Amino acid sequence: MFNVTELNSLSELSGLQTVWGDLLAATPGATFFQSLPWLQTYWQFYGDGVSALSHAANENTAPVRPERLRVLVVEANRELVGILPLVMTTEPYRVGPVRVLGYPLAGWGSFYGPIGPHPAATLQAGLQHIRRTDRDWDLLDLRWVDAEIDSNNTPQAMQAAGFGFDRQVWHQSAQVDLTPGWENYWGTRKSTWRSNVRRCERLLLKRGKLEYFRYRPLGEAHADGDPRWDLYDTCVQLAERSWQGDSSTGTTLSHDSVRSYLRAAHESAARAGAVDMNLLLLRDKPVAFSYNYHYRGWVYGVRNGYDPMAVQEGAGTVLLGKMIEDSCLCGDRLIDLGPNYLECKRYWLTRLQPAYHYTHFHPARLRAQALRLKRIVKRWLAWSRPEPQSAADQKSVNLLG
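Residues numbered from 1 in each chain as written. Predicted model: local features only at pLDDT ≥ 70, side-chain atom pairs only at ≥ 80, totals over all residues. Heavy atoms only, no water.

So, about a positive patch on the surface. On the surface, a cluster of positive charge is contributed by Arg198, Arg199, Arg202 and Lys206. Counting through the fold element by element, Lys206 comes out in helix α8 (residues 191-206). For Lys206, a relative accessible area of 70% corresponds to the exposed category. (Patch = residues over 30% accessible without salt bridge, like charges linked within 9 Å, V, L, I, M, F, W, Y side chains within 5 Å. Areas by Shrake-Rupley, 256 points an atom, 1.4 Å probe, with all protein chains shown as cover. Salt bridge = Lys/Arg side-chain N within 4 Å of Asp/Glu carboxyl O. Lys, Arg positive; Asp, Glu negative; His and termini not counted. Charge placed at Lys NZ, Arg CZ, Asp CG, Glu CD. Helix = DSSP H or I, 4+ residues; strand = E, 2+ residues; numbered from the N terminus. Buried < 20%, exposed > 50% of the residue type's maximum accessible area, 1.4 Å probe, protein only.)

So, about the packing of helix α4 (residues 119-132) against helix α6 (residues 153-160). Packing of α4 against α6 brings their axes to within 9 Å, and their N-to-C directions diverge by 30°. With respect to α6, the axis of α4 lies roughly parallel. In terms of crossing hand, the pair formed by α4 and α6 is right-handed. Residue-level contacts link Pro119, Ala120, Leu123, Gln124, Leu127 and Gln128 of α4 to Asn153, Thr154, Ala157, Met158 and Ala160 of α6. (Axes fitted to C-alpha atoms, helices over the stretch in contact; angles between N-to-C directions. Parallel < 35°, antiparallel > 145°, perpendicular 65-115°, else oblique. Left-handed = near helix turned anticlockwise from the far one by under 90°. Contact = heavy atoms within 4.5 Å.)

On to unusual backbone geometry, then. The residue Trp144 is not glycine, and still its phi comes out positive at about 65°. Looking at Trp144, the relative accessible area reads 4%, which means it is buried. For Arg228, which is not glycine, the phi torsion reads 50° and is therefore positive. Here Arg228 shows up in the loop between β7 (210-215) and α9 (229-241). Owing to a relative accessible area of 24%, Arg228 belongs among the partly exposed residues under this scheme.

Tallied over the entire structure, the rule returns 22 aromatic pairs. Seen from their ring centres, Phe45 and Tyr261 are 6.1 Å apart, and the 75° between their planes marks the pair as edge-to-face. Of this pair, Phe45 sits in helix α3 (residues 36-46) while Tyr261 sits in helix α10 (residues 259-272), placing them 216 residues apart in sequence. Among the residues examined, Tyr261 registers a relative accessible area of 1% and is labelled buried. With 5.9 Å between their ring centres and 45° between their planes, Trp182 and Tyr185 make a pair best called tilted. With Trp182 and Tyr185 both in helix α7 (residues 182-187) and 3 residues apart, this pair spans about one turn of that helix. Since its relative accessible area comes to 2%, Tyr185 is described here as buried. Across from the ring centre of Phe163, 5.5 Å away, lies the NZ or CZ of Arg131, which sits over that ring. Note that Arg228 overlies the ring of Tyr215, its terminal NZ or CZ placed 5.6 Å from the centroid. (Phe/Tyr/Trp six-rings, centres within 6.5 Å; stacked < 30°, edge-to-face > 60°. Lys NZ or Arg CZ within 6 Å of the ring centre and 35° of its normal.)

For the α-helix, the turn length of 3.6 residues means that residues three or four positions removed from each other point alike. Buried residues of α6: Asn153, Thr154, Pro155, Ala157 and Met158, and no others. Taken together, the buried residues of α6 touch α4, β5 (139-146), α5 (147-150) and β12 (351-361). Count one or two residues on from α6 and you reach Gly162, which has phi positive near 80°.

Before going further, it helps to spend a moment on the pairing of strand β10 (residues 298-306). Bridge count for strand β9 (residues 285-295) against β10 is 8 bridges, and the pairing is antiparallel. Bridge assignment links Asn292 to a residue of β10, and that residue is Gly301. Pairing geometry for β10 and strand β11 (residues 334-338), over 3 bridges, is parallel. When the bridges of β11 are listed, Trp298 appears paired with Leu334. (Pairing = 2+ DSSP bridges.)

So, on to the confidence of the model for the protein. Confidence in the prediction of the protein, expressed as mean pLDDT, is 90, and 90% of residues score 70 or more. The model gives residues 51-62 a pLDDT under 50, and that stretch makes 32 contacts with residues more than four places away or in other chains. (pLDDT = per-residue confidence, 0-100.)

Here is the structure:
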């Protein structure tokens, strides 16, 4: 028999630091975004109704508001089974504001799921608890689910709890599988692309000494949690000079809308041993950066950029090639380059991994049912009158081949 305890504040979560870390270490496909330090940092900046930037891949254009923390701690026979972190948010749709219960990722990463080695039991117990408690939400929407890692746990748990659901692709993320090793991976790249990368490096070398530098602290547990603000600020300065720095809607390291949060998250990641900063130096001056989080062999690309003065020489391309090669040497298993700008990632990726979302529409809420009807109509129209693929869509499909 499972026992579920619901925690609704950061103060209640503080006592879970050790056990959460132990469960995370046993979580299939875990990332830093599933850690308690990340959730604490995110909630301090955006929780309890503070306006947060929406990264949702739907019709939303205005910010969402994370309003209520619902972390479900699942136990059996007084032993911890797993943790199911959920949040309530209010999201703007054309039908009006909709209250959504789901994972807290908010689009910062690619995938999310329950914490611990028993995701199926954690999901089933957690969703049964959601069914028994007050349904003050319009949608139960579990997003960012990696179907390969999930192994059908989410749909089975929703069905067992009596939550009929609709499944759709949320996004596709560009991934680089490193398990074959550098030589095997590099050999699978097109010869024209390999030649282009070597050409870019030669062009940079003509301008002077070229150096690749990577910083990965082990974390406070190993007396190595220095955030190296000098390196972080270098990345921020490069971001300001890059094309991203001029964007009025972007969320790079230098933008005011996320700058404070990303700095705080960086400090938390450094303490947790999850920071991964990569710099390319030309004549001892930084010309490109790749800022990532890493956890147990899984690297997630948070932000990257390059000096516009080095764009013709392909500084960003050279840096990414060196980073992938070094990750193979470090024993990393996978680099997740994220779901955006897939066109420029196509030369590097080995697969496009879909993230799904499973949506239950509250049967007694008009706005929820309006959204359900809209989804049905859109699907029917797409089936009955398929539109010709654009060139960009065709290229995206070809990436899967």
